[in-house]
Amino acid sequence: MAGTQPRPLVAGNWKMNGTTAHLREPRLLAAMLRDVKLRCEVLVCPPATLARRVKAVMKGSRIRIGGQDCHTAVSGAHTGDISAEMLKDAGCTAAIVGHSERRTNHGETDATVRAKAAAAHRAGLTAIVCIGETLEERKSGKTLAVVSKQLEGSLPEGTTPANTVIAYEPVWAIGTGLTPTTAEVAEVHTHIRKELGKAVGENAAAMRILYGGSVKPSNAQELMSADNVNGALVGGASLKAADFIGIIKAYA
Ligand code: PEP
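Residues numbered from 1 in each chain as written. Predicted model: local features only at pLDDT ≥ 70, side-chain atom pairs only at ≥ 80, totals over all residues. Heavy atoms only, no water.

(A) Quick look at the overall build of the protein. Helix and strand counts for the protein stand at ten helices and eight strands. Principal-axis analysis of the C-alpha atoms gives the protein an extent of 45 × 45 × 35 Å. Scored against the burial criterion, the 252 residues of the protein give a buried share of 54%. Expressed as a percentage of contacts within the protein between residues at least 6 apart in sequence, the contacts between residues at least 24 apart total 74%. Treating the 30 positive side-chain charges of the protein as one cloud and the 23 negative ones as another, the clouds have centres 8 Å apart. (Helix = DSSP H or I, 4+ residues; strand = E, 2+ residues; numbered from the N terminus. Buried < 20%, exposed > 50% of the residue type's maximum accessible area, 1.4 Å probe, protein only. Contact = heavy atoms within 4.5 Å. Lys, Arg positive; Asp, Glu negative; His and termini not counted. Charge placed at Lys NZ, Arg CZ, Asp CG, Glu CD.)

Okay, here's the thing in structure tokens:
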């Protein structure tokens, strides 16, 4: 696939972490990245309460900001929710949808994720659509079938490489320190690339497929070298500028 490889993306998901006291980390990250030649894009997804502030402290840098979830509606009686349009208004360029913590803690189904991805597209945001198997599913040999089903159910009409990024995140690797082997990552990513052909035809080659789950500076280079990996979705290690930059530098 030489020549068609999409530009990688390294995205940080802060989850429910961060108050104004944490703003020094993105400020530091922007300063550390200023003179680094990068072959990837960088995105930080803080809690929505900090979106504008994080964007402000990184002003002038190439780092973009994103949301961690969005509602399907533009506005209305949905207490506590945030719409894709609100994220856009706060300066976001992307929204994560279907993270396994949302699927598990909030009962989100593939249909929900699909509607959220469509909402992100409607607002002009890139939807980062998360998929991945549980440990039980992996142990029973169902990984490829599970990700195929999630992909089929989670991608809305109008999905393109320009408005959508896939994040393969084995549930058992998130926040555990465990990771699949490079060969296992390559197997799933190559399968996802093939399956994407059903949704986006020959554009599948241009779609970014991120790996997520316990990515750290010490394993980033190796995980990112696996076939069909076009970047990373990083949780815990995105909270500290020094750790996150260690991952980003896999693409320096
Ligand atoms: C995540 O939450 O998307 C994630 C990959 O978390 P961690 O890097 O902490 O495993």
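(B) Summary view of helix α8 (residues 182-200). With 19 residues, α8 extends 26 Å between its outermost C-alpha atoms, agreeing within 8% with the 27 Å of an ideal straight helix rising 1.5 Å per residue. When α8 is considered as a whole, its buried residues turn out to be V185, A186, V188, H189, H191, I192, R193, E195, L196 and V200. Where the residues of α8 are buried, they touch β5 (126-131), α6 (135-139), α7 (143-154), β6 (164-168), β7 (208-212) and α9 (217-224). Just downstream of α8, G201 is the residue with a positive phi angle, here 60 degrees. (Expected span 1.5 Å × (residues − 1).)

(C) Representation of the site of the ligand. Close to the ligand lie 14 residues; K15, E169, G175, S214 and G235 are nearest. Residue G175 places a main-chain N or O atom 2.6 Å away from an oxygen atom belonging to the ligand. Within the contact set of the ligand, an oxygen atom lies 2.9 Å away from a backbone nitrogen or oxygen of G236. A total of 290 Å² of accessible area belongs to the ligand in isolation, and the protein chains cover 95% of it. By residue class, the composition of the shell around the ligand is four nonpolar, eight polar and two charged. (Near = heavy atom within 4 Å. Polar contact = N/O pair within 3.5 Å; in protein donor to acceptor, adjacent residues only side chain to side chain. Areas by Shrake-Rupley, 256 points an atom, 1.4 Å probe, with all protein chains shown as cover. Nonpolar A, V, L, I, M, F, W, Y, C, P; charged D, E, K, R; others polar.)

(D) The arrangement of the pairing of strand β3 (residues 64-67) in detail. As judged from the two bridges shared by strand β2 (residues 41-45) and β3, these two strands associate in the parallel manner. For L43, the partnering residue across the bridge sits in β3 and is R64. Pairing between β3 and strand β4 (residues 94-97): two bridges, direction parallel. Counterpart to G67 in the pairing with β4 is A95. In this view, the connection linking β3 to its parallel neighbour β4 by way of helix α3 (residues 84-89) has right-handed handedness. (Pairing = 2+ DSSP bridges. Right-handed = clockwise from strand over helix to strand, strands pointing away.)

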